[in-house]
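Per-entry structural report
In case you want the letters, here they are:
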Amino acid sequence: MANDASAVFDTRSSAVSNDPLADPFTPPADSSLWRKNFLLGAATASYQIEGAVDEDGRLPSIWDTFSAIPGKVLAGDTGAVACDHYHRWEADVDMLVSLGLEGYRLSIAWPRVMDTTGAPNRKGLDFYKRLLNRLKEKGITTFVTLYHWDLPQHLEDRGGWLNRDTAYRFADYADLMSRELAGTVDAWATLNEPWCSAYLGYGNGHHAPGLADGRFATQAMHHLLLAHGLAIPVLHANDPASQMGIVANIGRGTPNSDSAADQRAAHLFEVQHNAWILDPLLKGAYPQELFELWPGTEPLILDGDLQTISAPLDFLGINYYFRSNLASDGAHGFREVPLEGVERTQMGWEVYPEGLRDLLTGFNRTYPNLPPIYITENGMASDDKVIDGHVDDTQRISFLKRHLAAVDQAIKAGVDIRGYFLWSLMDNFEWAFGYERRFGVVHVDYSTQKRTVKRSAEWVAKFLKERKAQV
Ligand code: IFM
């Protein structure tokens with residue numbers, strides 16, 4: 001096995017080299033990243049890359065509506081064209097394959113595949129059939145998310161995730177998709193990041209549909225999780241060979257001081273970020289501390305809901321980006337105290353790989369039934385420019401190296417982690433931040449749609465080639 005004994009491979013910040021490829025990705029010989037069955041792939045989401053919002057019978061989504069409202073999205077950007085992936089998907093698949101990536105996580109646009117009566121939209125379905133068939137022909141492992149935030153607007157008009165009926169409509173949608181696409185999907189994820197859908201969409205209004213009420217957030221979350229729970233048995237029945245799971249974004253909260261009050265603040269941050277989702281899924285109950293933090297926000301729960309929600313999972317998808325530093329707000333909550341002098345990304349998010357390791361090992365202790373984990377998103381935004389045909393995204397290489405080391409440390413500490421997806425395959429529509437924030441390992445010039453492979457993608461491809469060559 002190729003290994004450079006002098007290679008620095010830990011989670012600490014490393015000096016950024018001027019020549020990124022001179023700093024090879026050479027994990028230690030005992031790293032789990034060398035295991036050929038540790039899946040390495042890249043992820044995207046429908047609204048962020050597809051464009052073609054009016055084509056082939058696609059209905060409006062809440063993000064079409066939201067991004068059309070002045071002031072909601074930076075620079076007035078929308079997903080109308082995005083990366084034009086709806087038309088360029090063949091070249092994009094070729095690009096994924098040429099990088100040697102083994103897995104692809106994509107999402108389906110619900111408004112593209114069903115009409116307002118719930119009947120299939122054949123043209124939309126055919127797009128995903130062609131895409132998934134091609135991925136399978138190329139030997140790519142496919143992870144398909146059913147809901148990555150693009151709710152059909154007609155369902156939002158009837159209350160969206162505040163309306164319990166949306167959970168049943170989601171189960172119908174899961175039924176149609178798994179009947180139509182069975183055999184081409186290796187793993188189904190019901191929802192991407194319900195925290196964002198519920199909190200940002202209904203709690204503080206930063207995301208579509210833009211509502212802002214704490215009671216809405218907890219009720220929306222309950223209906224999202226119910227939708228997940230209703231869909232799981234349907235997916236199993238229609239596509240028994242596939243793995244079923246859900247994707248949660250997790251947040252690390254650390255205390256600003258050793259004081260008991262600040263430690264409690266950090267704990268409460270993680271309760272609302274992580275336990276709000278993971279406890280109902282894995283323990284069948286919401287954490288009571290959530291309602292001490294947000295009094296009066298208990299959702300309406302019907303008998304049997306929590307049993308439905310806590311149906312066993314084949315895998316749990318984890319998305320991780322940064323940590324937050326917390327102090328007591330002097331009352332029953334927390335406030336964020338941004339740390340000075342720490343490394344940050346274009347989003348302003350702190351680079352803190354230890355947080356990923358510590359959260360994963362912590363979940364492994366807290367939840368005895370923790371399912372196998374896939375890191376379904378990890379990556380960073382940087383203000384990348386194409387210069388002489390190259391994008392030297394050195395900070396991203398350093399970021400990925402340190403986060404992959406954190407994943408390896410968590411595996412060594414006993415967490416069953418089976419794969420890792422880069423966020424994202426290519427630059428795309430970063431929600432309320434539009435196209436300014438670039439998360440891709442492939443650069444997209446939005447005026448020409450030209451794709452340029454960044455140094456980080458070359459770096460991952462080089463490692464994958466080396467790994468594949470091992471006997
Ligand atoms: O771009 C998003 C993605 O859609 C969901 N997870 C976080 C990413 C970066 O903000």
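Since the model is a prediction, treat every value here as computed from it, not as a measurement.

Reading the values: the criteria
- Residues numbered from 1 in each chain as written.
- Predicted model: local features only at pLDDT ≥ 70, side-chain atom pairs only at ≥ 80, totals over all residues.
- Heavy atoms only, no water.
- Helix = DSSP H or I, 4+ residues; strand = E, 2+ residues; numbered from the N terminus.
- Rg over C-alpha atoms; globule rule 2.2 N^0.38 Å.
- Buried < 20%, exposed > 50% of the residue type's maximum accessible area, 1.4 Å probe, protein only.
- Contact = heavy atoms within 4.5 Å.
- Areas by Shrake-Rupley, 256 points an atom, 1.4 Å probe, with all protein chains shown as cover.
- Lys, Arg positive; Asp, Glu negative; His and termini not counted.
- Charge placed at Lys NZ, Arg CZ, Asp CG, Glu CD.
- Expected span 1.5 Å × (residues − 1).
- Pairing = 2+ DSSP bridges.
- Axes fitted to C-alpha atoms, helices over the stretch in contact; angles between N-to-C directions.
- Parallel < 35°, antiparallel > 145°, perpendicular 65-115°, else oblique.
- Left-handed = near helix turned anticlockwise from the far one by under 90°.
- Nonpolar A, V, L, I, M, F, W, Y, C, P; charged D, E, K, R; others polar.
- Core = buried A, V, L, I, M, F, W, Y, C linked by side-chain atoms within 4.5 Å.
- Phe/Tyr/Trp six-rings, centres within 6.5 Å; stacked < 30°, edge-to-face > 60°.
- Lys NZ or Arg CZ within 6 Å of the ring centre and 35° of its normal.
- Near = heavy atom within 4 Å.
- Polar contact = N/O pair within 3.5 Å; in protein donor to acceptor, adjacent residues only side chain to side chain.

1. Observations regarding the overall build of the protein
When its secondary structure is counted, the protein shows 15 helices and 11 strands. Its C-alpha atoms give the protein a radius of gyration of 21 Å, within 12% of the compact-globule value 23 Å for 471 residues. The principal-axis extent of the C-alpha atoms belonging to the protein is close to 60 × 60 × 45 Å. A total of 471 residues make up the protein; the buried ones form 60% of that total. For the protein, restricting intrachain contacts to residue pairs at least 6 apart in sequence, the fraction spanning at least 24 positions comes to 77%. For the protein, the exposed surface amounts to about 17400 Å²; the carbon and sulfur share of it is 52%. One way to put it: in the protein the 44 positive side-chain charges average out to a point 4 Å from where the 61 negative ones average out.

2. Some words on helix H7 (residues 165-181)
One turn of an α-helix holds 3.6 residues; hence residues three or four places apart share an orientation. When the terminal C-alpha atoms of H7 are compared, their 24 Å separation across 17 residues agrees well with the 24 Å that a helix rising 1.5 Å per residue should span. For H7, the complete set of buried residues consists of Thr166, Ala167, Phe170, Ala171, Tyr173, Ala174, Leu176, Met177, Ser178 and Leu181. Of the residues trailing H7, Gly183 is marked for its positive phi of about 95 degrees.

3. Re the pairing of strand S1 (residues 39-43)
Of all five residues that make up S1, five are buried, and the element is covered over most of its length. Side chains Leu39, Gly41 and Ala43 project from S1 onto one buried face, and the interleaved Leu40 and Ala42 project onto a second face that is buried too. Across five bridges, the pairing between S1 and strand S9 (residues 417-423) is parallel. Bridge pairing in S9 places Leu39 opposite Gly419. When S1 meets strand S2 (residues 103-107), the two strands line up parallel, connected through three bridges. Counterpart to Ala42 in the pairing with S2 is Tyr104.

4. Thoughts on the packing of helix H14 (residues 394-412) against helix H15 (residues 455-469)
At a closest axis distance of 8 Å, the pairing of H14 and H15 adopts a crossing angle of 40 degrees. Taken as axis vectors, H14 and H15 run oblique relative to one another. For the pair H14 and H15, the sense of crossing is right-handed. Between H14, through Arg396, Ile397, Leu400 and Lys401, and H15, the contact on the second element is made entirely by Arg455, Ser456, Trp459 and Val460. When its residues are assigned to classes, the contact of H14 with H15 shows four nonpolar, one polar and three charged.

5. A few points about the nonpolar core
Counting 130 residues, the largest nonpolar core has Trp63, Trp161, Phe170, Met177, Trp188, Trp276 and Ile417 as the members making the most contacts within it. Residue contributions to this core peak at 11 residues, all from helix H9 (residues 214-238). Filtering out sequence-adjacent residues up to four positions away, Met177 remains in contact with Ile108, Val113, Leu125, Leu146, Ala182 and Trp188. If you look at the next biggest cluster of nonpolar residues, it comprises 15 residues, including Phe143, Phe315, Phe421 and Trp423.

6. A word on the packing of aromatic side chains
Evaluated as defined, the whole model comprises 33 aromatic pairs. Consider the rings of Phe143 and Tyr374, whose centres lie 4.8 Å apart with planes at 65 degrees: the pair is edge-to-face. Of this pair, Phe143 sits in strand S3 (residues 141-147) while Tyr374 sits in strand S8 (residues 373-378), and the two are 231 residues apart along the sequence. With a centroid separation of 5.8 Å and an interplanar angle of 70 degrees, the aromatic rings of Phe170 and Tyr173 are classed as edge-to-face. On the criterion of helical spacing, the pair formed by Phe170 and Tyr173 is a turn pair, its members being three residues apart in helix H7. For Phe170, a relative accessible area of 0% gives the class buried. When its relative accessible area of 0% is taken as the criterion, Tyr173 is described as buried. Site record: aromatic cluster; members linked through ring pairs are Tyr47, Trp63, Phe66, Trp149, Phe429, Trp431, Tyr435 and Tyr446. A cation over a ring is seen here: Arg112 above Tyr86, with NZ or CZ 4.2 Å from the ring centre.

7. Observations regarding the site of the ligand
Near the ligand you find Gln48, His148, Trp149, Asn192, Glu193, Tyr321, Trp349, Glu377, Trp423, Glu430, Trp431 and Phe439, and these make up its full shell. Between the ligand and Trp423, the relevant distance is 3.3 Å, taken from an oxygen atom to a side-chain nitrogen or oxygen of the residue. When the ligand is considered free in solution it has 280 Å² of accessible area, and contact with the protein chains removes 95% of it. In the shell around the ligand, the residues fall into six nonpolar, three polar and three charged.

8. Observations regarding the environment of Gly440
In this fold, Gly440 is placed in the loop between S9 and strand S10 (442-445). A relative accessible area of 0% means that Gly440 is categorised as buried. Separated by 16 residues in the primary sequence, Gly440 and Ser424 have C-alpha atoms spaced 4.6 Å apart. If near-sequence neighbours (up to four positions away) are discounted, Gly440 is found in contact with Arg396, Ser424, Leu425, Met426, Asp427 and Lys454.

9. As for helix H8 (residues 194-203)
Among the 10 residues in H8, nine count as buried, and that is most of the element. Those residues of H8 lying buried are Pro194, Trp195, Cys196, Ser197, Ala198, Leu200, Gly201, Tyr202 and Gly203. Check the buried side of H8 and you find it contacts S3, helix H6 (153-156), strand S4 (187-192), H9, strand S5 (243-255) and helix H10 (260-283).

10. A word on the side chain of Asn319
Within the secondary structure, Asn319 sits in strand S6 (residues 315-328). Given the relative accessible area of 0%, Asn319 is considered buried. Of the polar contacts made by the side chain of Asn319, one reaches the side chain of Glu193; its length is 2.7 Å. In this structure the side chain of Asn319 is engaged in a polar contact, spanning 3.0 Å, whose partner is the backbone nitrogen of Glu377. If we ignore the near neighbours within four places in the chain, the residues touching Asn319 are Arg105, Asn192, Glu193, Val247, Ala248, Asn249, Ile250, Thr376 and Glu377.

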